[in-house]
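Each chain is listed here by its residues.
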Amino acid sequence: MSMILLLLIGLNLLASFKGFNDLSFIRNYQFHIGSIRAGEQYRMVTSGFLHADIGHLFFNMFTLYMFGPVVINYLNEFSFGLIYAGSLVFGSLLTLLFHKDDYHYSAIGASGAVTGVLYSAILLNPDMSLYLFFIPIPIPAYLFGIGYLLYSIYGMKAKNDNIGHTAHFGGAIGGYLLTLLKAPYLLTEHTFMVILLAIPILLLFVLVKTGKL
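Residues numbered from 1 in each chain as written. Predicted model: local features only at pLDDT ≥ 70, side-chain atom pairs only at ≥ 80, totals over all residues. Heavy atoms only, no water.

Asker: Could you give an account of the overall build of the protein, naming the residues involved and the relevant values?
Answerer: When its secondary structure is counted, the protein shows 11 helices and 4 strands. A compact globule built from 213 residues would reach a C-alpha radius of gyration of about 17 Å, and the protein, at 17 Å, matches this within 12%. C-alpha extents for the protein along the principal axes are approximately 50 × 45 × 35 Å. For the protein, the share of sequence-separated contacts (at least 6 apart) that also reach a separation of at least 24 residues comes to 73%. Taking the average location of the 10 positive side-chain charges in the protein and that of its 9 negative ones, the two points are 11 Å from each other. (Helix = DSSP H or I, 4+ residues; strand = E, 2+ residues; numbered from the N terminus. Rg over C-alpha atoms; globule rule 2.2 N^0.38 Å. Contact = heavy atoms within 4.5 Å. Lys, Arg positive; Asp, Glu negative; His and termini not counted. Charge placed at Lys NZ, Arg CZ, Asp CG, Glu CD.)

Asker: Kindly report on the nonpolar core, identifying the contributing residues and their values.
Answerer: Grouped together as the largest cluster of nonpolar side chains are 53 residues, with contacts concentrated most on L64, V71, F80, Y84, F169, Y176 and L197. Only α1 (3-20), α5 (54-74), α6 (77-98), α7 (111-124), α8 (141-158), α9 (165-182) and α11 (191-209) provide two or more residues apiece to this core. Looking at this core, the element that brings in the most residues is α7, giving 9 residues. Counting residues in hydrophobic clusters, the runner-up holds 6 residues, among them F31, I33, M44 and L96. (Core = buried A, V, L, I, M, F, W, Y, C linked by side-chain atoms within 4.5 Å. Buried < 20%, exposed > 50% of the residue type's maximum accessible area, 1.4 Å probe, protein only.)

Asker: So, the packing of aromatic side chains: which residues are in play, and what are the values?
Answerer: Going through the model one piece at a time under the given rule, you end up with 9 aromatic pairs. Taken together, a centroid distance of 6.3 Å and an interplanar angle of 85 degrees make the contact between F31 and Y105 edge-to-face. Remark: Y105 occurs in the loop between α6 and β2 (106-107) and F31 occurs in strand β1 (residues 31-32); sequence separation between them is 74 residues. For F31, a relative accessible area of 3% translates into the label buried. Here Y105 falls in the buried class, since its relative accessible area comes to 17%. Among the aromatic residues, those joined into a cluster by ring pairs are F25, Y29 and Y42. In this structure, K18 is placed above the aromatic ring of F25, and the distance from its NZ or CZ to the ring centre is 5.8 Å. (Phe/Tyr/Trp six-rings, centres within 6.5 Å; stacked < 30°, edge-to-face > 60°. Lys NZ or Arg CZ within 6 Å of the ring centre and 35° of its normal.)

Asker: Please give an account of α1 that cites residues and values.
Answerer: Helix length check: α1 (18 residues) gives 25 Å between terminal C-alpha atoms against 26 Å at 1.5 Å per residue, within 8%. Those residues of α1 lying buried are L5, L8, I9, N12, A15, S16 and G19. Viewed along the axis of α1, the buried residues span an arc of 140 degrees, placing them on a single side of the element. Structural note: α1 exposes M3 and L14 on the side pointing more than 90 degrees away from its buried face. By the N-cap criterion, in which a side-chain oxygen at the helix start approaches the backbone nitrogen of a residue two or three places on, α1 is capped by S2, the distance to I4 being 3.3 Å. (Expected span 1.5 Å × (residues − 1). Arc of directions from axis to C-beta. Polar contact = N/O pair within 3.5 Å; in protein donor to acceptor, adjacent residues only side chain to side chain.)

Asker: Lay out the environment of Y65 in plain terms, naming residues and giving numbers.
Answerer: Relative to the elements of secondary structure, Y65 occurs in helix α5. Distance from Y65 to V206, taken between C-alpha atoms, is 34 Å for residues 141 residues apart in sequence. What Y65 contacts, discounting residues up to four positions off in sequence, is M1 and I9.

What follows is the structure in structure tokens.
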């Protein structure tokens, strides 16, 4: 297995288990609008290595373990690391943009970075299929990716749960843009998929521009 993939999973495990047993550790390094606007911008990165519980940690690390190698195989380890880090930052920046006036807003989790890796993998290998535990037939990965972002838009609009939908979406945007930057051949070889995966991103900006989100 890739060393950088193992390193990222290891850092997530170490930081998360530390946080499970030390609430002050979570409070010091979580994404928190008031603290970030007061100058603690490091939280925009450190929050991406903390998780709320074992289930949250397992889901993110399992997804990273499954799709990280796809990105590495098509690109390389450095590009994978860049996409992971860039997606994490994109997720935090979009969250900061959407919640900049909500000084009490806080969040933790690698979901933004992991969603960026997932979206990158789908762009690079659009013929992939996923097996979801509640659906006994393979689902085309691109349908899952698009559906996931449409659900994230719904979650951002409804605001009826504690899931960081904005970070997921920001991470997907980061993964999408950075993958095209690192593999511009996709624009000509997978043109239809590039356009298809851009639809939820364009929809988000239209909703923001029209004041509906």
